[in-house]
Amino acid sequence: MPGDPMLLLAPMLSPDAWLYVLIGVALGVLFGSLPGFTATMGLAVLTPFTFWVAPDQAMAMLLGLLVSAIFSGGVPAILLNTPGTPASIAMTWDGHPLARQGRAGLALGLNAIGAFLGIFLSLVVLLLAALPLSRLALRFGPAEYFAVAVFGLSTIVGVSGGSMLKGLATGVIGLLLAVIGLDAITGYPRFTFGQPELLDGVSFIPVMVGLFGIAEVFTQMASPPRQQLDGDTQTSGMLPTREEARTLWAHGLRGSLMGIWIGIMPAAGADVGAILAWDQSRRFSKTPEKFGKGSLEGLIAATTGANAGIGGSLVTTLALGIPGDSAAAVLIGALLMHGLQPGPLLFRNRPDLVATIVALVFMASLVTLVWGLIGARILGKILKIRDQYLWATVLAVALGGSYALNQSTGDVWTAVTAGIFGFLLRQQGFPMGPLVLALILGPMAESNLRRALALSEGSLATFVTRPISLLFLVLAALTLLWPLISRRGNDSRLPDSTIPDSDTL
Amino acid sequence: MTGPRIVACVLGALALAILITTWGFPPGSQGVPGPGLVPRLLGVALLALSGALLWAPGTSAPALVRHHRAIPAAMALLVAYVLLWRVVPYGVLTGLVLLTFFRLTGLAWRGALIGAVLMATSLQVLFERGLGVRF
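Residues numbered from 1 in each chain as written. Chains lettered and ligands numbered in written order. Predicted model: local features only at pLDDT ≥ 70, side-chain atom pairs only at ≥ 80, totals over all residues. Heavy atoms only, no water.

## Looking at the packing of aromatic side chains
Where we set the bar: The criterion for an aromatic pair is that two Phe, Tyr or Trp rings (for Trp, the six-membered ring) have centres within 6.5 Å, with stacked assigned to planes under 30 degrees apart, edge-to-face to planes over 60 apart and tilted to the rest.
Within the structure shown, the criterion is met by 24 aromatic pairs over all chains. Ring pairing ties together the aromatic residues Phe 49 and Tyr 403 of chain A together with Tyr 81, Trp 85, Tyr 90, Phe 127 and Phe 135 of chain B, which thus form one cluster.

Structure follows, in structure tokens:
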């Protein structure tokens, strides 16, 4: 089982694993700290390079990057009032006021401690969920897999940001891209136009690199210049006093639980977890009037809420193969590249891999904690790197990485095309998260739909007479109808902030 | 016509092209759908969505705040980069493209030249020596 102590300990005793985690964490610090440079972008650019290492080493780098990027996003949120990633939006509300009060060091320290606490608790939940999920795996057939894929696709509504119609449109485009190539069941070539390169379908990794790497660079170029760090920002005194710590633990625990719960729900990412954790913490606080003005309770709740979502999201990502957000979609792409299929059978067939992933996330959170507490000054310096150098690095590495994967210029064309069209569509308000989600789940949905129909001799009843299949189809229907049922609108009591774009965790 | 409406028209045309193309796909036997079923359904969905988007196009992102000319130029630069990928040696090509990109985005000649040379050299070492990639 994934909870086996020996399986969990194995990566922690491997110097190689620590090395790859360190590389991932260092890259995550870079991508997370710089506003506009997101965890998803970092994952997309790094994924092609993991082709040269073993799957567990690849996971060490990618998870290290994800964990430290989400943490590091809090640094510009606190120091510049500019969230490094959408997950850190809620950290601006109390983190920046604290920095302006001369307590930037304490805010950065709480960010590091909260990140570690949130991730640690979410990993406990992931381990607890492993046993029931591995038992459930035995009951999955084509109908269940199809229903799970439909449920995953229904979450397009959630990752569509402002416009559901536009999200659905990019989702359908993703599904259409997924059908290009030889049909998996009959071997009939679809939309290949006589090009042998297209027989294997559209390469997922270059599309991802284009959408989240290249398009993101163009988006940054078009956006206002980022704020620069004030030279005399005080970053000492990072730990809370014993008196302060006594009042904070309950808020950290509540924030973690909220983050885990939101993370488990597909399409509700760390950004939503952090905002809801902050809001809940304010409701339970004895000093709600301080929230938004430099409350330590608000900051720890937001930090734990954002980071606990990582473990929560891994439950859904690994157990069902449904990416909860764009970053998880990229992670699934990386797993698929290494021949590993996330889904119910993963917990049963590869408990060692699940245990390794849990151990690696823990190791990454530990390294990030140490880095966060002793490297705050360096984190501040990263914010001073000129944009042009960063953009050029991302573009050159993204294109080189796309080529290196199969040593094919076709993949470079795919990345450039995805980058240009991704940017143009985003400029018109079309989100890219649904496209990636559909590209991953499309083949799973289609092949299992046709297998299930073949097994049932064409009877659609097979999808509603099997309990697990029915459950996921009902969940999918509820997810699709939820925006119509719930017209509560935005919570006007939350501080003003940019509405997070689920494309860019 | 607004940007989202133009996109809707393009998507509508794409949907029609898909429907026409899938017309020639082999039909499935009873109980086993053929390879055209899913693309055909997706074509119909895309057509419906493009109609809905024409009706309610929503808003587009804020207009470009900066680099109005540099962005299309950088896109053209990337296309040229890929076209010349196998023609010019990787290190030289990458250095030239980076230099042009830096100048396009407003870096001074000195910073652009140093940045381009250092980055192109590092990338060549990373890909060719580190990963064994042949360009």
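## Some remarks on the interface of chain A and chain B
By convention, interface size is frequently given as the accessible area that disappears when the constituent parts associate. Heads up, the condition is: Contact criterion: two residues are considered in contact whenever any of their non-hydrogen atoms come within 4.5 Å of each other. When two components associate, each loses some accessible surface as probed by a 1.4 Å sphere; the sum of these losses over both components is called the buried area. The salt bridge criterion pairs a side-chain nitrogen of Lys or Arg with a carboxyl oxygen of Asp or Glu, the two atoms within 4 Å. Under the rule applied, a polar contact is a pair of N or O atoms within 3.5 Å (in protein, one hydrogen donor and one hydrogen acceptor; residues adjacent in sequence only if both atoms are side-chain atoms). Under the scheme used here, helices are H or I runs from DSSP no shorter than 4 residues and strands are E runs no shorter than 2 residues, and both carry numbers assigned from the N terminus.
Each side of the interface is counted separately: chain A has 60 residues, and chain B has 63 residues. With both chains or domains summed, chain A and chain B bury close to 5200 Å², and 79% of this area falls on carbon and sulfur atoms. Across the contact surface, chain A and chain B share zero salt bridges. Our count for the chain A to chain B interface comes out at 10 residue pairs in polar contact (both at pLDDT 80 or more). Secondary structure elements with two or more residues in the side of chain A that touches chain B: α9 (164-179), α10 (204-222), α18 (387-406), α19 (409-427) and α20 (433-455) of chain A.

## Comments concerning the layout of surface pockets
The rolling of a water-molecule-sized probe over the atoms marks out the regions of remaining empty space. Under the convention used in this document: Residues are said to line a cavity or pocket when one of their atoms sits within 4 Å of a point; the points come from a 1 Å grid over protein atoms alone, cavities being sets where a 1.4 Å probe fits but cannot get out and pockets being open sets with protein on both sides within 12 Å along at least five of seven lines. Grid points are joined across faces, edges and corners, and a volume is the space filled by probe spheres set on the points. In this count, Pro and Cys sit with the nonpolar residues alongside Ala, Val, Leu, Ile, Met, Phe, Trp and Tyr, while Asp, Glu, Lys and Arg are called charged and the others, Gly among them, polar.
Size it by volume and the second largest pocket reaches roughly 1200 Å³. Residue lining of the second largest pocket: 39 residues in total, with Leu 177, Ile 180, Val 202, Thr 414 and Thr 417 of chain A positioned closest to the centre. When contributions to the lining of the second largest pocket are tallied by element, the ones reaching two or more residues are α9, α10 and α19 of chain A together with α1 (3-22) of chain B. Looking at the lining of the second largest pocket, the element that brings in the most residues is α19 of chain A, giving 10 residues. Residue composition of the lining of the second largest pocket, grouped by class: 25 nonpolar, 11 polar and three charged.

## As for the nonpolar core
Short version of the rule: Throughout this description, the term nonpolar core refers to a set of buried Ala, Val, Leu, Ile, Met, Phe, Trp, Tyr and Cys residues connected via side-chain atoms within 4.5 Å. Each residue gets one of three labels from its accessible area relative to the maximum for its type: buried under 20%, exposed over 50%, partly exposed in between, using a 1.4 Å probe on protein chains only. Residue ranges assigned to each domain were obtained from an automatic or database domain assignment.
Grouped together as the largest cluster of nonpolar side chains are 201 residues, with contacts concentrated most on Phe 218, Met 221 and Leu 399 of chain A together with Phe 101 and Phe 102 of chain B. For this core, the element with the highest residue contribution is helix α7 (residues 104-136) of chain A, accounting for 14 residues. Counting residues domain by domain, this core receives three or more from each of domain 1 (3-55) and domain 2 (70-130) of chain B. Apart from residues no more than four positions distant in its own chain, Phe 101 of chain B is found in contact with Met 221, Gln 388, Trp 391, Ala 392 and Leu 395 of chain A together with Ala 74 and Leu 77 of chain B.

## Quick look at the side chain of Thr 356 of chain A
Residues and elements named next belong to chain A. Within the secondary structure layout, Thr 356 lies in helix α16 (residues 351-374). Thr 356 sits in the buried class, given a relative accessible area of 15%. Side-chain polar atoms of Thr 356 contact the backbone oxygen of Asp 352, separated by 2.7 Å. Beyond its immediate chain neighbours, meaning those up to four positions away, Thr 356 contacts Pro 11 and Asp 56.

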